[in-house]
Amino acid sequence: MVAALGRWANDKARDYAYALGFCFQVLKETALFMRRKQVAFHVLVLQILFTGVEAVSIVSLIALSFGAVIIVEGGTVLPRFGQTSLLYSILIVVITRELGPILTAFIIAARSGPAIAAELGNMVVSHEIEAYMSVGINPISYLVVPRVLGVTISVMALTIYFNFFGLVGSFLVAQLIHPIPFVEYFSALLRKLQMRDILSTLLKSFIFGVIISVVATYQGFKVSASVTEIPRAAIKAVGQGFVLCFLADALITLIYYV
Amino acid sequence: MGDIVALEDVRLTLGGFEALRGVSVGFAEGKSTVIMGPSGCGKSTLLKVAAGLIPPDSGRVCFRGRDIFQMSERALLGMRRQNGFVFQDGALWENKSLFENLALPLQVHFPEVPAADRSRRVIRALERVGLEESASERPAALSGGEKKIAALLRALVTEPILLFMDEPTLSVDFAMTGRINQIIRDQKGRGSTIIAVTHDAQLTASLADRLVVMEAGEVLASGDFDEVKRSPHARVRAILSEVLKDIASYDTDLLELLDQDQEPGER
């Protein structure tokens, strides 16, 4: 029993040490990325295309739907309490501060996280990582950093896009319930929007992007020898990505607004 | 000439299994060394450690006297430029075309060479083995033999002075084996150092200047091919006989020599 507990603690300590070492390497190689004569630039472009551009349609749909839901719910409940004017504040708080960053992060964590983990896991098993090393390519620099940068840039861009589309969605649905002039709607929204809301959404999306990409690449690289480890790595990439994004979201909100 | 790569008391445990147990062996510059031993004895691991792809738990791995795992990034890149590695399963990059697989090492090591020149070099390499028509194909579209030969071309495209090969002719048909052997012989003819793990008696007979025999993570014998082949060590002779037995039909002279040297009852 004690021996088993000791082995478990030892394995956990080794895992954390490996994770810390991995994060340090990613940080170091990211700092050096622009200074190197990079052959990895096209990997970054491809990652932005895959994670960012290809996710635009699904983000649009979800943002429009959520914008519509909030305006319908708000438009129904708030007048009963004589608080119709709060609708714009609620739109800003819910979409810009919270739903925009977290839902975009979930979409990317569910879509790109497992893809990245599975792709890298496959590369480990088929010795492609060793092949990169054999020709003098640092796998962290060539495979991880472009994915971390690509996912982070995509999450940030898609979050801004989500916020915009969410607010547009709510405007379109508002036209069906009680039409508001375009200028009046957006000028009311802009009056409620503060600089710290914009900074909050950018900070959150940046941190979520880093979390999703580092977790996914770490899980991919943790695959050691067998293809049966790959689905587990993909699942862990999503699960850990979700949990860490939730925790980071709560922490940032607490620090930022309390 | 001295050793281009030398391992000193190298120990390595992988997944709880002791893969290398205090291995000390040198690989002479300009010579071809074949590593033999039963399956699972640590040959491939030794090759990867010698190439600096897997760090050992203890011991030193030196390239021209310098510890590979203590090298600066720049020195390591310089060493990689002089090395080529052929993996047992080819390990071609599946998300790249055949052309890109060969072009990437050139892009990394010769960024100053114009892209058009690098492309010409890749096409010339592919033409040499008749794969130029498949340049835009992904590795998944190639046959097993074509993958092997492409992996060999990738390792050779930077014109290395040291070539590591892990079973370069394993699971390859007779015709393709002949083409691969010819490319390897040409490379040997250029004076390159070759370190190969192989069970191919034909390749061994035509390539080996030196022989390393391993068992259970240890080097049992190493030295000149003829010396090791005639080793009085019973286990060495038994392993060579065992390893080469299955492909005796391909062999021309190696088993005959082994048979001549062996006493009845030793096998």
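Quantities reported herein were computed from a predicted structural model and do not represent experimental measurements.

Draft legend 1. Region of the structure containing the overall build of chain B. Of regular secondary structure, chain B possesses 10 helices and 10 strands. The C-alpha atoms of chain B give a radius of gyration of 19 Å, which matches the 18 Å a tight globule of 267 residues would have. In terms of overall dimensions, chain B has a C-alpha envelope of 60 × 45 × 35 Å along the principal axes. Counting across all 267 residues of chain B, residues that qualify as buried make up 53%. Across chain B, contacts joining residues at least 24 apart in sequence account for 66% of those joining residues at least 6 apart. When the accessible surface of chain B is summed, it comes to about 11500 Å², and 47% of that surface belongs to carbon and sulfur atoms.

Draft legend 2. Structural detail: the nonpolar core. Counting 105 residues, the largest nonpolar core has Tyr142 and Tyr185 of chain A together with Val5, Leu7, Phe27, Ile35 and Phe164 of chain B as its most contacted members. Top contributing element to this core by residue count: helix H4 (residues 86-125) of chain A, with 18 residues. When neighbours within four sequence positions are excluded, Tyr185 of chain A is seen to be in contact with Ile71, Tyr88, Leu91, Leu167, Ser170, Phe171 and Ile180 of chain A. Formed by 45 residues, the second largest nonpolar core is a distinct cluster that contains Leu92, Ala151, Leu156 and Leu203 of chain B.

Draft legend 3. Summary view of the pattern of salt bridges. In total, this model carries 19 salt bridges over all chains according to the counting rule given. Across the salt bridge formed by Lys204 of chain A and Asp249 of chain A, the nearest N and O atoms sit 2.8 Å from each other. Here Lys204 of chain A, found in helix H8 (residues 195-222), pairs with Asp249 of chain A, found in helix H9 (residues 229-257); they are 45 residues apart in sequence, far enough to count as distant. The pair formed by Lys204 of chain A and Asp249 of chain A is uniform in burial state, with each residue classed as buried. Arg230 of chain B is the partner of Asp226 of chain B in a salt bridge, and the nearest nitrogen-oxygen pair spans 3.9 Å. Judged by its relative accessible area of 41%, Asp226 of chain B is partly exposed. Residue Arg230 of chain B is classed as partly exposed on the basis of its relative accessible area, which comes to 40%. Each of the salt bridges in this network shares a partner with another, and the network as a whole consists of Glu98, Lys204 and Asp249 of chain A.

Draft legend 4. Local environment of the side chain of Arg147 of chain A. With respect to the secondary-structure elements, Arg147 of chain A resides in helix H6 (residues 139-177). Beyond its immediate chain neighbours, meaning those up to four positions away, Arg147 of chain A contacts Val43, Gln47, Ile116, Glu119, Leu120, Ser213 and Thr217 of chain A.

Draft legend 5. Region of interest: the sheet that holds strand E2 (residues 17-28) of chain B. Residues and elements named next belong to chain B. With antiparallel pairing, the four strands of this open sheet are ordered in space as E2-E1-E4-E5. Of all strands in the sheet, those with a lone pairing partner are E2 and strand E5 (66-67), marking the two edges. With two bridges joining them, strand E4 (residues 58-63) and E5 adopt antiparallel strand pairing. Each residue of the ladder has a partner; that of Phe63, found in E5, is Arg66.

Draft legend 6. Structural view of unusual backbone geometry. All names here are of chain B. For Glu167, which is not glycine, the phi torsion reads 50° and is therefore positive. You can see Glu167 is positioned in the loop between strand E7 (162-166) and helix H6 (174-189). On the basis of relative accessible area, Glu167 is assigned to the buried category, the value being 6%.

Draft legend 7. Spotlight on the confidence of the model for chain B. Residues and elements named next belong to chain B. Predicted confidence across chain B gives a mean pLDDT of 88, with 91% of residues reaching 70 or more. Per-residue pLDDT, averaged within each element of chain B, yields its smallest value for helix H10 (residues 254-261) (48) and its largest for E7 (96). Ignoring residues within four places in sequence, the model shows residues 247-252, a span with pLDDT below 50, making six contacts including any to other chains. Low pLDDT, under 50, characterises residues 257-267; the predicted model gives this stretch 16 contacts beyond four residues in sequence or across chains. Here the predicted complex scores 0.86 on pTM and 0.87 on ipTM.

Draft legend 8. Fine view of a nonpolar patch on the surface. All names here are of chain A. On the surface, a nonpolar cluster with roughly 450 Å² of combined accessible area is contributed by Phe41, Val45, Leu46, Leu49 and Val53. Note that Phe41 resides in helix H2 (residues 41-51). Take Phe41: its relative accessible area is 48%, and that puts it in the partly exposed class.

Draft legend 9. Looking closely at the interface of chain B and chain A. Across the boundary between the two partners, chain B contributes 22 residues, which contact 17 residues of chain A. When chain B packs against chain A, the two sides together hide about 1700 Å² of surface, and 56% of this comes from carbon and sulfur. Of all residues in chain B, Leu53, Glu73 and Trp93 of chain B give up the largest surface area on contact with chain A, accounting jointly for 27% of the area buried on that side. Inspection of the chain B/chain A interface yields one salt bridge.

Draft legend 10. Layout of the environment of Ala68 of chain A. The residue Ala68 of chain A is located in helix H3 (residues 56-77) in this model. Contacts of Ala68 of chain A, omitting those with residues within four sequence positions, involve Gly169, Ser170 and Val173 of chain A.

Draft legend 11. Examining the pairing of E2 of chain B more closely. Residues and elements named next belong to chain B. Pairing analysis gives eight bridges linking strand E1 (residues 3-14) to E2, with the strands arranged antiparallel. From the neighbouring strand, Leu14 faces E2, where its bridge partner is Phe17. Counted along the chain from E1 to the antiparallel partner E2, the turn is two residues long, and its residue Gly15 has a positive phi close to 55°.

Cut-offs applied
- Residues numbered from 1 in each chain as written.
- Chains lettered and ligands numbered in written order.
- Predicted model: local features only at pLDDT ≥ 70, side-chain atom pairs only at ≥ 80, totals over all residues.
- Heavy atoms only, no water.
- Helix = DSSP H or I, 4+ residues; strand = E, 2+ residues; numbered from the N terminus.
- Rg over C-alpha atoms; globule rule 2.2 N^0.38 Å.
- Buried < 20%, exposed > 50% of the residue type's maximum accessible area, 1.4 Å probe, protein only.
- Contact = heavy atoms within 4.5 Å.
- Areas by Shrake-Rupley, 256 points an atom, 1.4 Å probe, with all protein chains shown as cover.
- Core = buried A, V, L, I, M, F, W, Y, C linked by side-chain atoms within 4.5 Å.
- Salt bridge = Lys/Arg side-chain N within 4 Å of Asp/Glu carboxyl O.
- Pairing = 2+ DSSP bridges.
- pLDDT = per-residue confidence, 0-100.
- Patch = residues over 30% accessible without salt bridge, like charges linked within 9 Å, V, L, I, M, F, W, Y side chains within 5 Å.
- Buried area = accessible area lost by both parts, 1.4 Å probe.

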